[in-house]
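Structural characterization, general
Listed below are the residues making up each chain.
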Amino acid sequence: MSITEPGIYCDITEADYATWPQLRRSHLAKGFDSMRKLKAAWDGVSGPQTEPQRFGAAFHARALQPRLYDATYAVVPDFAQDEPGKYKNYRATSEYKSKLAAFQSANAGREYLSSGDAAAIEAMVAAIYANPIASLLKSGGGVECAIVWEDAGVPLKIRTDLLIGAVGEGQRDRPIIIDLKKEGRTAAPWAFRSVFWKYRYDIQAAMAIDAVRDTTGRDADFFFLVVEDTPPHEVVVYQPTATTLDIARSDYRGILDRINWCQSHNVWPGLGWDYDKE
């Protein structure tokens, strides 16, 4: 399924979303390095999914779409527990390989999670739902909502983890956007501030708010719900300030201007290009 019309579309998988032709936030962020990298990302030139990305996708599914999680993932049993202490390296035995092959055959087409990763995901989700903000997660908002719109003549898309009060029943004067983030070390402000700017989460928030405004005519509030992926799985909620969002808009719209320049000149410069001379 490929969407070209502006609007809000919920329950969109990453696999479907990735095929849509619009520019996504992660592609746009490449433009701060070079427009050649942005074009390559937009054209679909990217590396394979990393292990942290796989874990993050499974965590999102478990927290927001538990039925999809159950249908998509299978937890690999710890077969060594069947014969504790019997083998020095149980994974090297034909017995282990036979059990693993049988498990994989029974779960063909599903993605595999280790028992350790699955346990961590369950603990993280439990920590989230023990937080007061969990009431919003249960409020019936749209899950994995992809928004399509246009800015400065550039077709854009962004996918929100949870969008509350923007479409359907229970609409709000100010919709709420919630994005789940996991942090491996600490979710403390000093640590999250570092990754916030490194990965330009400010642009993610600004684009999502702008997308909701463009498609509904209403301003939205954006919150990051951050959970640590190690015990005790502390949970913190952050909201970008108006000043932060204004800076993000100025920055990402500067990239949109460069995209228009590149398209009109049919040139996508690499590192070191001096735009001030053009």
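**Remarks on the overall build of the protein**
- In terms of helices and strands, the protein carries 11 helices and eight strands.
- Its C-alpha atoms give the protein principal-axis dimensions of roughly 70 × 45 × 40 Å.
- The buried share among the 278 residues of the protein stands at 45%.
- Sequence separation of at least 24 residues holds for 65% of the intrachain contacts in the protein that already meet a minimum separation of 6.

**Observations regarding helix H11 (residues 242–265)**
- Compared with an ideal rise of 1.5 Å per residue, which puts 24 residues at 34 Å, H11 spans 35 Å between its outermost C-alpha atoms and is within 8% of the ideal.
- For H11, the set of buried residues is Thr244, Leu245, Ala248, Arg249, Tyr252, Ile255, Leu256, Ile259, Trp261 and Cys262.
- The elements touched by buried residues of H11 are helix H2 (25–30), helix H3 (35–42), strand E4 (142–151), strand E5 (154–164), helix H9 (189–198) and helix H10 (201–216).
- Backbone geometry just after H11 places Asn266 at a positive phi near 55°.

**Some remarks on the pairing of strand E8 (residues 235–238)**
- As judged from the four bridges shared by strand E7 (residues 221–228) and E8, these two strands associate in the antiparallel manner. Of the residues in E8, the one forming a bridge with Phe224 is Tyr238.
- Connecting the antiparallel pair E7 and E8 is a turn made up of six residues, with His233 showing a positive phi of about 55°.

**Things to note about the nonpolar core**
- Counting 48 residues, the largest nonpolar core has Leu23, Phe224 and Ile259 as its most contacted members.
- Those elements that provide at least two residues to this core are H3, E4, E5, H9, H10, E7 and H11.
- For this core, the leading source of residues is H10, giving nine residues.
- Setting aside chain neighbours within four positions, we find Ile259 in contact with Leu23, Met35, Leu38, Trp42, Val154 and Trp268.
- Core analysis: the second largest hydrophobic core is formed by 28 residues, Ala61, Ala118, Ile164 and Val235 among them.

**Description of the side chain of Arg249**
- If you trace the backbone, Arg249 turns up in helix H11.
- A polar contact is formed between the side chain of Arg249 and the side chain of Asp210, at a distance of 2.7 Å.
- In this view, Arg249 contacts Ala206, Ile209, Asp210 and Arg213; residues no more than four positions away in its chain are not counted.

**A word on the environment of Pro231**
- Here Pro231 lies in the loop between E7 and E8.
- A relative accessible area of 68% means that Pro231 is categorised as exposed.
- As for Pro231 and Trp20, which are separated by 211 residues in sequence, their C-alpha atoms are 37 Å apart.

**A look at the packing of H3 against H11**
- Remark: H3 packs on H11, axes separated minimally by 11 Å, with the N-to-C direction vectors making an angle of 85°. In this view, H3 runs roughly perpendicular relative to H11, as classed from their interaxial angle. Contacts between H3 and H11 pair Met35, Leu38 and Trp42 from the former with Ile255, Arg258, Ile259, Cys262 and Gln263 from the latter.
- Here the contact of H3 with H11 is built from residues that sort into six nonpolar, one polar and one charged.

**Structural notes on the packing of aromatic side chains**
- With the rule as written, the count across this model stands at 14 aromatic pairs.
- A centroid spacing of 6.3 Å and a plane angle of 85° characterise the contact between Phe196 and Tyr201, whose relative ring orientation is edge-to-face.
- Through successive ring pairs, a cluster of aromatic residues spans Phe192, Phe196, Trp197, Tyr199, Tyr201, Phe222, Phe224 and Tyr238.
- Positioned above the aromatic ring of Tyr17, the side-chain terminus of Lys157 is 4.5 Å from the ring centre.
- The ring of Tyr17 carries the charged tip of Arg159 above its face, separated from the ring centre by 5.7 Å.

**Details of the confidence of the model for the protein**
- Looking at the protein, pLDDT values average 89 and 92% of them are 70 or higher.
- For the protein, per-element mean pLDDT is lowest for helix H8 (residues 134–137), which scores 71, and highest for H10, which scores 97.

**Overview of the side chain of Lys181**
- Tracing the sequence through the fold places Lys181 in strand E6 (residues 176–183).
- A residue is classified by how much of its surface remains accessible, and Lys181, at 11% relative accessible area, is buried.
- In this view, Lys181 contacts Phe192, Tyr201, Gln204, Phe224, Leu225, Val226 and Val227; residues no more than four positions away in its chain are not counted.

**Some points on the sheet that holds E8**
- With mixed pairing, the six strands of this open sheet are ordered in space as E1-E4-E5-E6-E7-E8. Taken across any chain shown, the strands that pair with only one partner, and hence form the sheet edges, are strand E1 (7–9) and E8. In this sheet, adjacent strand axes meet at a mean angle of 35° when their direction is disregarded.
- For E5 and E6, the ladder comprises three bridges, and the chain directions are antiparallel. Residue pairing in the sheet places Leu163 in a bridge with Ile177 of E6.
- Against the sheet, helix H4 (residues 51–64) contacts E4, E5, E6 and E7, and its axis sits at roughly 135° relative to E6.

Rules used in this analysis
Residues numbered from 1 in each chain as written. Predicted model: local features only at pLDDT ≥ 70, side-chain atom pairs only at ≥ 80, totals over all residues. Heavy atoms only, no water. Helix = DSSP H or I, 4+ residues; strand = E, 2+ residues; numbered from the N terminus. Buried < 20%, exposed > 50% of the residue type's maximum accessible area, 1.4 Å probe, protein only. Contact = heavy atoms within 4.5 Å. Expected span 1.5 Å × (residues − 1). Pairing = 2+ DSSP bridges. Core = buried A, V, L, I, M, F, W, Y, C linked by side-chain atoms within 4.5 Å. Polar contact = N/O pair within 3.5 Å; in protein donor to acceptor, adjacent residues only side chain to side chain. Axes fitted to C-alpha atoms, helices over the stretch in contact; angles between N-to-C directions. Parallel < 35°, antiparallel > 145°, perpendicular 65-115°, else oblique. Nonpolar A, V, L, I, M, F, W, Y, C, P; charged D, E, K, R; others polar. Phe/Tyr/Trp six-rings, centres within 6.5 Å; stacked < 30°, edge-to-face > 60°. Lys NZ or Arg CZ within 6 Å of the ring centre and 35° of its normal. pLDDT = per-residue confidence, 0-100.

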